[in-house]
Amino acid sequence: MKGGDSVDKVKVQITDEQKKVKVPTGTRMLIRRCCNAAITLEKLTGAWEVSVTLVDDEMIREINLKHRNVDMPTDVLSFPMGENGQYDVDPETGAKMLGDIVISVPTAIKQARKYGHTFRREIGYLTVHAMLHLLGYDHEAKLDAVKMREKEENIMTMLGLPRTILTGPEDL
């Protein structure tokens, strides 16, 4: 393509495995935009693939127990397929395979209410957070956590979903 045409850098396969919540219109497009924004911010080139699965709390609890030995639900899990910048390549497409993201929709709704922002912002944030994990970022060490948080907020602002400033007395 020429000129101002753009091509998705990331093929995002989205599967809704939960039936408890009707996922709002536009959520799939938002998830795709978040994945592409993370790739863009990291200045990565070429074709990439990522899988995003939307689940309920029970399903994410089972996955968390199986893969992390933690018997409780969580908001998002990421399973990178690459290490140290090296990724498996899909032989059919030539795309680098980033890995898998699993998001609990009911937990995203609860957290959006808790933090006083929209479901869109929460789903966007969870997607960006998981994408950065797939790209090798971690938040175990304090300095790494600060860097990761900075990148998350840069991407969210780039997408028009900046952090909401809460001003009510209940936020103090």
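Residues numbered from 1 in each chain as written. Predicted model: local features only at pLDDT ≥ 70, side-chain atom pairs only at ≥ 80, totals over all residues. Heavy atoms only, no water.

Honestly, the overall build of the chain in this entry has me stumped. Any pointers?
For the chain, the helix and strand inventory stands at five helices and four strands. Listed N to C, the secondary structure of the chain is β-α-β-α-β-β-α-α-α in terms of helices and strands. Relative to the globule expectation of 16 Å for 172 residues, the C-alpha radius of gyration of the chain, 16 Å, shows essentially globular dimensions. Across its three principal axes, the chain shows a C-alpha extent of roughly 50 × 40 × 35 Å. With 172 residues in all, the chain has 42% of them scored as buried. Partitioning the intrachain contacts of the chain with sequence separation of at least 6 by distance along the chain shows that 65% fall at a separation of at least 24. Surface summary for the chain: the accessible area is close to 10300 Å², and the carbon and sulfur share equals 53%. Distance from the positive charge centre (24 side chains) to the negative charge centre (26 side chains) of the chain: 5 Å. (Helix = DSSP H or I, 4+ residues; strand = E, 2+ residues; numbered from the N terminus. Rg over C-alpha atoms; globule rule 2.2 N^0.38 Å. Buried < 20%, exposed > 50% of the residue type's maximum accessible area, 1.4 Å probe, protein only. Contact = heavy atoms within 4.5 Å. Areas by Shrake-Rupley, 256 points an atom, 1.4 Å probe, with all protein chains shown as cover. Lys, Arg positive; Asp, Glu negative; His and termini not counted. Charge placed at Lys NZ, Arg CZ, Asp CG, Glu CD.)

Can you help me understand the pairing of strand S4 (residues 96-104) in this one?
With seven of nine residues buried, S4 lies mostly within the body of the structure. The sheet contact formed by strand S2 (residues 48-55) and S4 spans eight bridges and is parallel. The residue of S4 that forms the bridge with serine 51 is aspartate 100. Two elements, strand S3 (residues 76-80) and S4, share five bridges in a ladder whose sense is antiparallel. The residue of S4 that forms the bridge with leucine 77 is valine 102. (Pairing = 2+ DSSP bridges.)

Purely spatial values, then, with no claim about function.
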